[in-house]
Amino acid sequence: MAQLGSLTEVSGTGTAGPAAGPAATPARRRVGWRTVPLVVFVTAVLLSVTRVITGANDLTSSGSAGAALRLAVPILLAGLAGLWAERAGVVNIGLEGMMVLGTWSGAYVALDHGPWAGVLAGILGGALGGLLHAVATVTFGVDHIVSGVALNLLGPGVARFLSALVFTGRQGGGVTQSPQVRQPPTFTVPGLSSGLLSLEKHHWFGVSDVAGILGGLVTGTSWVTLMALLLVPFSFVVLWWTPFGLRLRSCGENPYAAESLGVNVYLYKYLAVICSGGFAGLAGAFLSLVASNYYREDQTGGRGFIGLAAMIFGNWRPGGLAAGAGLFGYADALQLRQGETSVHALLLGFGLALVLFAGSLFARRQRAVGGVAAVLALGVLALYQFTDTIPQQFTTATPYVTTLLVLTLASQRLRMPAADGHVYRKGTAR
Amino acid sequence: MAGLTARLDPWRIGLALAAPLAALVFSVALMSVVLLIAGHSPALAFGQMADFGTQPGSVVQILDKSAGYYLSALAVAIGFRMNLFNIGVDGQYRMAAMCAAVVGAAVTLPPVLHVGLIILVAVVVGALWAGIAGVLKVTRGVSEVISTIMLNFVGGSIVAWMLTPEVFAVLQGNNVTTRPIPASGQVPGIPFLGGTVYGFIVIAALVGVGYWFLLGYTRFGFDLRATGLSEPAAVASGVAVRRMVLSSMLLSGGVAGLVGLPQLLGASYAYSLDFPAGIGFTGIAIALLGRNHPIGVALASVLWGFLDVSNQILDLNDIPKEIVTIMQGTIVLAVVIAYEVVRRVAVAQERRRVAARLGDDGPAGSGGPGPVESAAVA
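Quick caveat, the model's predicted, so the values are computed rather than measured. (Residues numbered from 1 in each chain as written. Chains lettered and ligands numbered in written order. Predicted model: local features only at pLDDT ≥ 70, side-chain atom pairs only at ≥ 80, totals over all residues.)

Now for the overall build of chain A. From N to C terminus, chain A includes 19 helices and two strands. In summary, chain A has a C-alpha radius of gyration of 22 Å against a globular reference of 22 Å for 430 residues, a match within 12%. Its C-alpha atoms put chain A at 60 × 55 × 40 Å along the principal axes. The burial tally for chain A puts 54% of its 430 residues in the buried class. Taking all contacts inside chain A whose residues are at least 6 apart in sequence as the whole, residues at least 24 apart take part in 77%. (Helix = DSSP H or I, 4+ residues; strand = E, 2+ residues; numbered from the N terminus. Rg over C-alpha atoms; globule rule 2.2 N^0.38 Å. Buried ≥ 20, exposed ≤ 12 C-beta atoms within 10 Å, placed from the backbone. Contact = placed C-beta atoms within 7 Å.)

Turning our attention to the overall build of chain B. The number of helices and strands found in chain B is 16 helices and four strands. A globule of 378 residues ought to have a C-alpha radius of gyration of about 21 Å, and chain B, at 23 Å, matches this closely. Seen along its three principal axes, the alpha-carbon backbone of chain B occupies a region of about 75 × 55 × 35 Å. Here chain B holds 378 residues, and 49% of them are scored as buried. Look at the contacts in chain B between residues 6 or more apart in sequence, and 75% of them connect residues 24 or more apart.

For the rest of this paragraph, the subject is the interface of chain B and chain A. With 34 residues of chain B at the contact, the number on the chain A side is 33 residues. Elements represented by at least two residues in the side of chain B that touches chain A include exactly α6 (111-140), α7 (144-162), α13 (279-289) and α15 (323-358) of chain B. The greatest single-element share of the side of chain B that touches chain A, amounting to twelve residues, is contributed by α15(B). Taken together, the residues that form the side of chain B that touches chain A break down as 24 nonpolar, seven polar and three charged. (Nonpolar A, V, L, I, M, F, W, Y, C, P; charged D, E, K, R; others polar.)

In terms of nonpolar packing, the biggest core is built from 240 residues, with Leu77(A), Phe286(A), Ala97(B), Ala122(B) and Val335(B) touching the most fellow members. Ignoring any residue separated from it by four or fewer positions in sequence, one finds Val335(B) in contact with Ala19(B), Pro20(B), Ala23(B), Leu288(B) and Leu289(B). (Core = buried A, V, L, I, M, F, W, Y, C linked by C-beta atoms within 7 Å.)

The next point concerns the environment of Phe306(B). Residue and element names in this part refer to chain B. Examined against the element boundaries, Phe 306 turns out to sit in helix α14 (residues 294-310). Owing to 22 C-beta atoms within 10 Å, Phe 306 belongs among the buried residues under this scheme. Separated by 254 residues in the primary sequence, Phe 306 and Phe 52 have C-alpha atoms spaced 9.7 Å apart. The residues touching Phe 306, leaving out its near neighbours within four places in the chain, are Gly 53 and Ile 62.

If you want to describe how two helices pack, look at the angle between their axes and the distance between the axes. Residues and elements named next belong to chain A. At a minimum axis separation of 6 Å, helix α5 (residues 95-113) and helix α13 (residues 265-291) run at an interaxial angle of 55°. As the angle between them shows, α5 and α13 are arranged oblique. The two elements α5 and α13 meet at a crossing, and its hand is right-handed. Where α5 approaches α13, its residues Leu 95, Met 98, Met 99, Val 100, Leu 101, Gly 102, Thr 103, Gly 106, Ala 107 and Ala 110 are matched on the opposing element by Gly 277, Ala 280, Gly 281, Leu 282, Ala 283, Gly 284, Ala 285, Leu 287, Ser 288 and Leu 289. Residues belonging to the contact of α5 with α13 are distributed by class as follows: 13 nonpolar, seven polar and no charged. (Axes fitted to C-alpha atoms, helices over the stretch in contact; angles between N-to-C directions. Parallel < 35°, antiparallel > 145°, perpendicular 65-115°, else oblique. Left-handed = near helix turned anticlockwise from the far one by under 90°.)

This paragraph deals with the packing of helix α8 (residues 192-200) of chain A against helix α9 (residues 207-218) of chain A. All names here are of chain A. Running from N to C, α8 and α9 point in directions that differ by 145°, and their axes come no closer than 8 Å. Like other packed secondary-structure pairs, α8 and α9 cross with a definite hand, here left-handed. The segment α8 lies against α9, with Leu 192, Ser 193, Leu 196, Leu 197, Leu 199 and Glu 200 engaging Val 207, Ser 208, Ala 211, Gly 212, Leu 214, Gly 215 and Val 218. Considered class by class, the residues forming the contact of α8 with α9 number eight nonpolar, four polar and one charged.

This part takes up the confidence of the model for chain B. All names here are of chain B. Taken over all residues, the pLDDT of chain B has a mean of 85, while the share at 70 or more is 92%. A low-confidence stretch, residues 364-378 stays under pLDDT 50, and its non-local contacts, those more than four residues away or across chains, total 25 contacts. As a predicted assembly, this complex carries a pTM of 0.84 together with an ipTM value of 0.82. (pLDDT = per-residue confidence, 0-100.)

Attention now goes to the pairing of strand β1 (residues 169-172) of chain B. Regular strands place side chains that alternate from one sheet face to the opposite one. Bridge count for β1(B) against strand β2 (residues 175-178) of chain B is four bridges, and the pairing is antiparallel. What sits directly across from Ala169(B), in β2(B), is Thr178(B). (Pairing = 2+ DSSP bridges.)

So, about the confidence of the model for chain A. When the pLDDT values of chain A are averaged, the result is 82; 90% of them are 70 or greater. Between residues 1-29 of chain A, whose pLDDT stays under 50, and residues either more than four places distant or in other chains, the model counts 61 contacts.

For Asp298(A), which is not glycine, the phi torsion reads 65° and is therefore positive. Tracing the chain through its elements places Asp298(A) in the loop between α13 and α14 (303-313). With phi around 55°, Arg291(B) is a residue other than glycine that occupies positive phi space. You can call Arg291(B) partly exposed: it has 17 C-beta atoms within 10 Å.

We now examine α14(A). Counting along an α-helix, one turn takes 3.6 residues, and residues three or four places apart therefore face a common direction. Residue and element names in this part refer to chain A. By the criterion of burial, α14 is predominantly enclosed, with eleven of the eleven residues buried. Within the sequence span of α14, burial applies to Arg 303, Gly 304, Phe 305, Ile 306, Gly 307, Leu 308, Ala 309, Ala 310, Met 311, Ile 312 and Phe 313. A positive backbone phi angle near 55° is found at Asn 315, which sits one or two residues after α14.

Residue and element names in this part refer to chain A. Mapping Ala 134 onto the fold places it in helix α6 (residues 115-139). With 194 residues separating them along the chain, Ala 134 and Phe 328 place their C-alpha atoms 29 Å apart. Excluding its chain neighbours within four sequence positions, the residues that come into contact with Ala 134 are Lys 269, Tyr 270, Val 273 and Ile 274.

Here the focus is the environment of Ala130(B). Secondary-structure assignment places Ala130(B) in helix α6. Between the C-alpha atom of Ala130(B) and that of Gly53(B), which follows or precedes it by 77 residues, the distance is 35 Å.

Put into C-alpha cells, the structure is as follows:
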C-alpha cells in the first residue's frame, strides 16, 4: 500500500511488453505472487519505523486505515473503469463526467427507493454515459479524447439541470445538492475488530501498527466497499482468464487481427465502454451514498482523473492499479488525520523507501536509474530534515506528482494496450 | 488537387459550414425537447435569450467573456494543428495569471512597460508549465494528454498554496486575494455601446492574426501543420519533429498564459478565490467548434459568450439556466460527430470522383485513400 511496494512493482513489470527487446531475465524482472508478501512486510516495517521515530501515531492508526479505505475505493473503481475501456482500446477521459452522472442518479433514486436501488441507479447512470462515449468513439469514430472532454462538460451540466428540476423545493435540496439519503449498511467483524483495536492502543512496535491498519479495515466497513474490493479480482479473472476477456483485450491490442479471427470488435468495444461507465457510475454512487449521504456538486473532485492516474501507475493491470489507488487514498487520508505532521512524517518513510529502492537498483547494476532514485532519496530526506510541516495543498498534489514521476522514471517499462486510443473502422485495415 | 482550386471549391466550403450548423440545429432541437418534457416553452426560452443577449449591456459582457475564450481556444488549436492535445491550458493560464498578478502588484513601472512586464511574465510562466509536458514527451515519450492533465492539478495546488495568507495573499472579508495591481499595470477599457469592453480584446485579436499568419504563411507553420497531418511524411521531408513538439508546446503554453489577463488587467486587477476557472476546457470545446480556424474560433467564442450571458434571463422565468450547460456539451459532441460524418461523405465523394476520372470500374478504394483522405481533412 505504500510507496516501496508500488515502485518496485512498476519497475518489475517490464516483461509484459513484447517490444521490450531481448527478454534477458524474465524471471527476475517480473513481479510474481511471491514478492507481494515481501513488499507488504517491508512496507509495514518502514511505516512502523517511521511512526516510532517521528511519533506520528496516525500513520498506522485504525482511523487512518479506515479513512484510507473509504478514500481509495472511488479511485479504485474509477481506475477499474479506465482499465476496462482501455483494455478494449478506448481511452476514457470522460470518467469524471460519468462519475458525476453516478453521484446524481445514485442519490436521486436512493431518495425514494432506498440505498441499494441507489447504488444500482448509480451504475446505470454511469453506464448511460459510457454508452454515449461508445456511440461517439466506436460508431462515429470521434477522437476518444475529444469525446471524453465533451462528456466531462455534459455530465455536470446534466446533473445540475436535473437537480434544479427535482431537488429544489425538497427539504435540504437545491440546484447544487440533494436532500439527505440513507446509506447502505456497514459491517464490523465481531471479536476481530475489538481485539485489534485494543492491541493498537499499546503502541508496540510493529504489532500495534499492523493491528491498527487491519482494525481500521474491519471496523464499520460498508458492504459496498467490500463489493468494490472484490471487483478487482473479478476484473482480473474476467479479463485474463476467460475467452470473453481475451477477445476484449485483443480489441485493445490489435482490432484488425481480432476482426480477422471473427471477433465482433464493435460489440466488444461497446460492452467494454458501457462496463467502464458502470464502474465509474458505481464510483460516483459510492461518493454520494457511502462516503457521504447526499449528492453535492463537484463531489467527484477530479477523482476520475486520479483513477486514470492509478491505472497508469499500475501499468494497465488490476493489481498495480489497486496498489496505486491504495497509495493515493492513503495520502489523502493522512491529510485528514493531523495532516501536516502526518504527511511530514511520511516524508521520512518515503525517503527510506527510496533508499532501499536505489540500493536494489544498484544491486541489479542499473546505475543510471539508481542514481536518480538516490538523488531523489537525498532530496526527500533533506526536505524532511529542514521543514516542520508540509502545506496541505502540496499533499493534494501527491497522486499527480507521483504519476508524473512514474511516467518519467518508468515510461520505458509501462506498456499500454497497443491500439489504445486508435480509431478502429471495420474493414479498413491497412 | 491541393492548393487554391481545392480551397475555393463551393462544395467543400458548403460541407465545412454544414457541420457546425447541423450541430447547432441538432442541439437546439434537443434542448427544445428537453424543455418541453420539463414543461417549459422552448420558443419563450430561446426568444428571451435572443432578446436579452442582444441588449447593449449583454453584448459588452459577451465580448469581455469571449476574449479569454478566444485566447484559450487558440492555445488549444496550436496543439491540435500539430496533433498535440494540450488539455493543460487550464493549469497553464491559472499559474500564469497568478504569477502575473503577484509580479504586477510587486513592482512599479511606467504604464506601458508595466503592462508589458505582466504580459511577459504570464507568457513565460504559461510556456514553462506547458514546456514540462513538452520535455517529458520529447525525452521520455510521455503522452502529453496524461502529463497535461496531471500538471493541471499540480498547478491548481500550487496556485492554491500561493493564494494563502502565509504566502502571497491577503484576507478581504470572505475572499482571499493577492494585492491589487496599481493603475500603471492596468489595461484601460474601450468605450463601446455605452459601456466599456476590455482593452485586452485588441491583444487577443492581434494574437489571432499572428496565429493565422504563423500557421499559414511561415515555414514554422508549414512544418507544424505537416507534422500534424503526417508525421512520417514530415520526417521524410526534413522536419525535426522533436524540436517541433517542444516549440509548439511552448507556443501553445505561451498563448495559454494570456488567457487570464483580460480579466486580470481589465476588471479584477488581482487573483482571488473567485478568479474564473475552467476556461481551458471551454477552449477545447471552442477550438473544436471553430475548427482551429482563427475566424471560426472567434465566432465560436462569441457564441459561447452569448450562451453564457444570455442564460441569466432564464431564471427569471423559472427555467433552470443550467439547460445552457447541457446545450454547450451537446454542441461539442454533435459537432465532432458531424465533422466525422462530413469527412466520410467527402472522402466517399472524392473517391467516386477519382474513380470516374480514371474511368476505373474497380473497387471504390483504388483511388488511393491516403492522400485523398488527408486532403479532405485539411
